[in-house]
Amino acid sequence: QRVEELKANFGDEIKHLIEQSKAEELEYGAMLCTPGITKPEQFIKGEGAIKLGCITRGQPYSVGIRDCHNSTPLGTLHTHWQVDVFSPEDIVLGTRKELITCLAFSRNGNTYLRCISPWLYQQYPFKTRAWMLSALNQTDFAYKKIVELAKQYGWEWDPYVQRRKKFEELSPSAQAAYNSFRYYNSIVNTMQQSVEKLLDVAETRL
């Protein structure tokens, strides 16, 4: 419901941010603010309009986001110009203080808004929370290993889209590396998706 609200009120502005982000290969971000709600229960019920805070221009893989000034902060929105998923760090940061964490990105020529409800993390028992953090740590490690392997063997790489030679044309060492690549990619594709489901992930096309 709140994702569709953001789409209805700020869809065009968010699409423009994604275009800028891709053109400049930089991340953009903004706080998500409200005039007056402070509790998750109020947010769930749809109380308080969501406002887009001051937009900031960041670095290729990070962005510092400003506060809401006189409004109550709800969470954050930021863009990814290259990848179409949250980073594990995005999710971990969200679980510490946000009611909603949103990512804007482009996929196959279309633009999307993807949001999770990080506050749900605190509602789960300790064992579940410990598993979620472990899963995100494993995802982060696997993501870095994928980048390392891709660079080592000269593959033109971006997450989830592997442009390479036919497998049988690779050297034995490259074949072994690619088997490792597939293993780490399977971790990224399963671990983080499982965590996002627990945080009530929602995605809409802009």
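Just above, that's the structure.
Because the structure is predicted, anything quoted here is derived from the model rather than measured.

Colleague: Any details on the pairing of strand β4 (residues 72-79)? Residues and values, ideally.
Modeller: Of all 8 residues making up β4, 6 are buried, and the element is well covered by its neighbours. Across 6 bridges, the pairing between strand β1 (residues 28-34) and β4 is antiparallel. Counted as the bridge partner of Thr-34 is Thr-72 from β4. In this structure, β4 lies alongside strand β5 (residues 100-107), joined through 5 bridges in parallel fashion. Paired with Thr-79 across the bridge in β5 is Ala-104. Traced from β4 through helix α3 (residues 88-97) to β5, the parallel crossover comes out right-handed.

Colleague: Go over the pattern of salt bridges, please, and point to the residues and values.
Modeller: Scanning all chains against the criterion turns up 8 salt bridges. Of the charged contacts in the structure, one is a salt bridge between Asp-140 and Lys-144, with a shortest N-O distance of 3.1 Å. Note that Asp-140 and Lys-144 are positioned in helix α4 (residues 126-152) at a spacing of 4 residues, about one turn of the helix. On the accessibility criterion, Asp-140 (25% relative accessible area) is partly exposed.

Colleague: Just give me the short version of the nonpolar core, but keep the residues and values in it.
Modeller: Nonpolar side chains in soluble globular proteins tend to end up buried together. In this structure, Leu-6 and Leu-113 are the most contacted members of the largest nonpolar core, which totals 44 residues. Here this core takes 8 residues from helix α5 (residues 172-198), the largest share from any one element. The residues contacting Leu-113, other than those within four sequence positions of it, are Val-3, Leu-6, Ile-14, Leu-77, Cys-102, Leu-103, Ala-104, Ala-202, Glu-203, Thr-204 and Leu-206.

Colleague: A description of the side chain of Glu-98 should follow, citing residues and the corresponding values.
Modeller: Within the fold, Glu-98 resides in the loop between α3 and β5. Look at Glu-98: it is buried, it has no salt bridge, and the nearest opposite charge is Lys-97 at 5.7 Å. Not counting residues within four places of it along the chain, the set of residues in contact with Glu-98 comprises Leu-74, Gly-75, Thr-76, Pro-118 and Trp-119.

Colleague: Residue-level account of unusual backbone geometry, with values.
Modeller: Of note in this structure, Asn-108 is not a glycine but carries a positive phi near 50°. Position of Asn-108 relative to the elements: it lies in the loop between β5 and β6 (110-116). Taking the relative accessible area as the measure of exposure, Asn-108 reaches 75% and is therefore exposed. Backbone geometry at Asp-200 places phi at a positive 60°, although glycine is not the residue there.

Cut-offs and rules
Along every chain, residues carry numbers that run from 1 in the direction the sequence is written. At least 70 in pLDDT is required for a residue's local features to be given in this predicted model, at least 80 for side-chain atom pairs to be given and counted, and no such filter applies to totals for whole chains, interfaces and linings, which use all residues. Only heavy atoms go into the side-chain values, all of them from the structure, while hydrogens and water stay out. We call a residue buried when its accessible area falls under 20% of the maximum for its residue type, exposed when it is over 50%, and partly exposed in between, using a 1.4 Å probe and counting protein chains only. Secondary structure elements follow DSSP: runs of H or I no shorter than four residues count as helices, runs of E no shorter than two count as strands, and numbering proceeds from the N terminus. For two strands to be treated as a pair, DSSP must find no fewer than two bridges joining them. Every crossover in which the path from the first strand over the helix to the second runs clockwise, viewed with the strands pointing away from the viewer, is termed right-handed. The working definition used for a salt bridge is a side-chain nitrogen of Lys or Arg within 4 Å of a carboxyl oxygen of Asp or Glu. Buried Ala, Val, Leu, Ile, Met, Phe, Trp, Tyr and Cys residues form a nonpolar core when they are joined through side-chain atoms within 4.5 Å. Working rule for contacts: check all heavy atoms of both residues, and any pair within 4.5 Å makes them a contact. Charged residues are defined narrowly, with Lys and Arg counted positive, Asp and Glu counted negative, and His plus the chain ends left uncounted.

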